[in-house]
Amino acid sequence: MLLEVRQQYSFYGIILYIGATIFVLYMAIDEPEAKVWNGLFWVIQLFICINAVAKSFLQESKGRMLYFYSIASPGDFVLAKLLFNTVLMLAMSLLSLFLFSLFLGNPMQKIWQFTGLVLLGGWSLSLVFTFLAAIAAKAQQNAAIMAVLGFPIIIPQLLLLMRLSNAAFAPLLTIPISTVLLLVALDAMVILLAVILFPYLWKD
Amino acid sequence: MYKSWWKIASILLLIYTVVGGFLMKVPALPALQETIRNLYFHVCMWFAMMILFTVSVVNSIKYLRTFNLKYDIYARHYAAVGIVMGALGYATGAIWMTYTWADPNNPAFQSFSALAREPKLIGAAIALLIYFAYMVLRDSISDMDKRARISSVYNIFAYAMLFPSIWILPRVMDSLHPGREGNPALNTSDIDSSMRIIFYPAVIGWTLLGVWITTLKIRLHLLKEKQLLS
């Protein structure tokens, strides 16, 4: 089942998207200070995630969905999708982190902690948006409705992530471990909800 | 009319709230003074909003269990009236804020954006945006059963994501808003006992009023459906 999902339609498209966006940013501003850097980084992450993850459900044709329907249970299917998008988004996060620090300077004080945070954030974003992509695909809408549905839901997690990463920029602040655990708990809840609720979306 | 006792109760409680709220003695606190009477209106709006949204989600779950379209209509209208309550909560909050926070001598409060960066305001904005998105999602699907199913799923998912964040965010961010530690207005140390005898009836009264409006909307909707079908 996992192998079914690993068809890379638009992998290079997303890489190009990341590269182009960050290059535009590089043209627009040079060497922003840490706070601006942080804000820009997470907003770019958000848009990368929407572009990368939206493809996962919106591009599936009706016939292919029927085929998946016949060979897999909805729980397995959504778990496979979540896992695939997680891996995709983790790779994309690392890439954009690398490009960001290359082009826009590197204000990080604690590189390893921040990399961990980026991975955690990429994971959270990909989980939430995978499920929303499933909803949006069923509503036969484009990616616009996904943004409408998703932004209010993702705001709290983004706020937590930004606060955490501000702590990673300041040498004196320590990263509060409870907030990290909170994010992990939220992610676990998203997975649980997706497994419970997806069967209802699946039937047609 | 059958079972009208709770409507009468709602009116009586609201009369009691307004009369008692404006006339009874309140403890005079610095910076709040008489504006504390707004507690009977402002806080109750948010309580009513949360209760109505919760009812909406319960109806969505019921719909997914039974696939009876009636519950979907219920869920939709409870969410709509919840949005109205939320908007009223903002309005009353803005009035209250004008007299307590908007201090021209305090440089921290000079711009709107400084005030708006307030966890309670953000949380409420998220809640309202989510339910606006719910309405948009509903309107974008034309097929009735599909609309009911998909919007129910979104309703449950969004609710489950929303409420942790409403409870968590104010505790991790700095805030001017009272009731940062613990549950606002439910804490025994938060409000004076003389205020509590009006506050709790006020919450019940406003919530019942919301439910009443909702049932009217639901009946109208069901009648329309009936006309369409026949």
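Residues numbered from 1 in each chain as written. Chains lettered and ligands numbered in written order. Predicted model: local features only at pLDDT ≥ 70, side-chain atom pairs only at ≥ 80, totals over all residues. Heavy atoms only, no water.

Here the focus is the overall build of chain B. A count of helical and extended segments in chain B gives seven helices and zero strands. Element order for chain B, N to C, with α for helix and β for strand: α-α-α-α-α-α-α. Expressed as a percentage of its 230 residues, the buried residues of chain B come to 47%. A separation of at least 24 residues holds for 75% of the contacts in chain B among residues at least 6 apart in sequence. For chain B, the computed accessible surface area is about 11900 Å², with 67% contributed by carbon and sulfur atoms. (Helix = DSSP H or I, 4+ residues; strand = E, 2+ residues; numbered from the N terminus. Buried < 20%, exposed > 50% of the residue type's maximum accessible area, 1.4 Å probe, protein only. Contact = heavy atoms within 4.5 Å. Areas by Shrake-Rupley, 256 points an atom, 1.4 Å probe, with all protein chains shown as cover.)

We now examine the interface of chain A and chain B. Facing 29 residues of chain A, the contacting portion of chain B comprises 27 residues. For the pair chain A and chain B, the summed buried area comes to about 2600 Å², and 82% of that belongs to carbon and sulfur atoms. Looking at the side of chain A facing chain B, the largest losses of area belong to Pro152(A), Ile153(A) and Tyr200(A), adding up to 20% of the total buried there. Taken together, chain A and chain B are joined by zero salt bridges. At the junction of chain A with chain B, the criterion picks out two residue pairs in polar contact (both at pLDDT 80 or more). Among the secondary structure elements, those contributing two or more residues to the side of chain A that touches chain B are helix H6 (111-138), helix H7 (143-169) and helix H8 (177-202) of chain A. Ranked by the residues each element gives to the side of chain A that touches chain B, the list is headed by H7(A), at 11 residues. Its residues placed into classes, the side of chain A that touches chain B shows 22 nonpolar, three polar and four charged. (Buried area = accessible area lost by both parts, 1.4 Å probe. Salt bridge = Lys/Arg side-chain N within 4 Å of Asp/Glu carboxyl O. Polar contact = N/O pair within 3.5 Å; in protein donor to acceptor, adjacent residues only side chain to side chain. Nonpolar A, V, L, I, M, F, W, Y, C, P; charged D, E, K, R; others polar.)

Right, let's get into unusual backbone geometry. Look at Phe67(B): it is not a glycine, yet its phi comes out positive at around 55°. Examined against the element boundaries, Phe67(B) turns out to sit in the loop between helix H2 (39-66) and helix H3 (69-100).

With that settled, consider the nonpolar core. Note that soluble globular proteins tend to have their nonpolar side chains buried in a common cluster. Judged by nonpolar contacts, the single largest core of 120 residues is most densely connected at Phe129(A), Leu132(A), Ile135(A), Tyr131(B), Leu137(B), Tyr154(B) and Phe157(B). Residues within four places of Phe157(B) in sequence aside, it is in contact with Phe131(A), Leu132(A), Ile153(A), Val190(A), Leu193(A) and Leu197(A). (Core = buried A, V, L, I, M, F, W, Y, C linked by side-chain atoms within 4.5 Å.)

All names here are of chain A. Along the chain, Val53 turns up in helix H3 (residues 34-58). Separated by 78 residues in sequence, Val53 and Phe131 place their C-alpha atoms 9.5 Å apart. The contacts of Val53, once residues within four sequence positions are left out, are Asn85, Ser126, Phe129, Thr130 and Ala133.

One pass over the full model with this rule turns up 16 aromatic pairs over all chains. Arranged with centres 5.9 Å apart and planes meeting at 45°, the rings of Phe23(A) and Tyr26(A) form a pair that is tilted. With Phe23(A) and Tyr26(A) both in helix H2 (residues 11-28) and three residues apart, this pair spans about one turn of that helix. Of the residues examined, Phe23(A) reaches a relative accessible area of 40% and is grouped as partly exposed. Looking at Tyr26(A), the relative accessible area reads 33%, which means it is partly exposed. With 4.6 Å between their ring centres and 45° between their planes, Phe131(A) and Phe157(B) make a pair best called tilted. Pair noted here: Phe131(A) is in helix H6 and Phe157(B) is in helix H6 (residues 144-172), and the two residues belong to different chains. (Phe/Tyr/Trp six-rings, centres within 6.5 Å; stacked < 30°, edge-to-face > 60°.)

We now examine the packing of helix H5 (residues 74-103) of chain A against H6(A). To describe two helices that pack against each other, one gives the angle between their axes and the distance between the axes. Residues and elements named next belong to chain A. At their nearest, the axes of H5 and H6 sit 8 Å apart, and the two run at 140° to each other. Classified by the angle between their axes, H5 and H6 sit oblique to one another. Once H5 is placed against H6, the crossing between them reads as right-handed. Within the contact between the two elements, H5 uses Lys81, Leu82, Asn85, Thr86, Met89, Leu90, Ser93, Leu94 and Leu97 and H6 uses Phe114, Thr115, Val118, Leu119, Gly122, Trp123, Ser126, Leu127 and Thr130. A per-class count over the contact of H5 with H6 returns 10 nonpolar, seven polar and one charged. (Axes fitted to C-alpha atoms, helices over the stretch in contact; angles between N-to-C directions. Parallel < 35°, antiparallel > 145°, perpendicular 65-115°, else oblique. Left-handed = near helix turned anticlockwise from the far one by under 90°.)

Another aspect to go through is the environment of Ile15(A). Residues and elements named next belong to chain A. By the element assignment, Ile15 lies in helix H2. Owing to a relative accessible area of 29%, Ile15 belongs among the partly exposed residues under this scheme. Here the alpha-carbon distance between Ile15 and Ala91, two residues 76 residues apart in the chain, equals 9.9 Å. Each residue touching Ile15, except ones within four places of it in the same chain, is listed here: Met92 and Leu95.

This brings us to the environment of Phe53(B). Residue and element names in this part refer to chain B. Locating Phe53 in the fold gives a position in helix H2. Note on Phe53: relative accessible area 0%, which makes it buried. With 23 residues separating them in the primary sequence, Phe53 and Arg76 have C-alpha atoms 9.7 Å apart. Aside from chain neighbours lying at most four places away, what touches Phe53 is Ala79, Gly82, Ile83, Tyr131 and Tyr159.

Turning our eyes to something else, we now look at a nonpolar patch on the surface. Together, Ile8(B), Ile11(B), Leu12(B), Ile15(B), Val18(B), Val19(B), Phe22(B) and Leu23(B) make up a nonpolar patch on the protein surface, roughly 780 Å² of accessible area in all. Note that Val19(B) resides in helix H1 (residues 5-23). (Patch = residues over 30% accessible without salt bridge, like charges linked within 9 Å, V, L, I, M, F, W, Y side chains within 5 Å.)

Before going further, it helps to examine the confidence of the model for chain A. Residues at a pLDDT of 70 or more form 84% of chain A, whose mean pLDDT is 79. Within chain A, no element has a lower average pLDDT than helix H1 (residues 2-5) of chain A, which sits at 56, and none a higher one than H6(A), at 84. (pLDDT = per-residue confidence, 0-100.)

Residue and element names in this part refer to chain A. In contact at an axis separation of 10 Å, H6 and H8 are set at 20° when each is read in the N-to-C sense. Comparing the axis directions of H6 and H8 gives the class roughly parallel. H8 is crossed by H6, and the crossing has left-handed handedness. Residues Leu120, Trp123, Ser124, Leu127, Val128, Phe131, Ala134, Ile135 and Lys138 of H6 touch H8, and the partners they reach there are Val180, Leu183, Val184, Asp187, Val190, Ile191, Ala194, Leu197, Phe198, Leu201 and Trp202. When the residues that make up the contact of H6 with H8 are grouped by side-chain class, the tally is 17 nonpolar, one polar and two charged.

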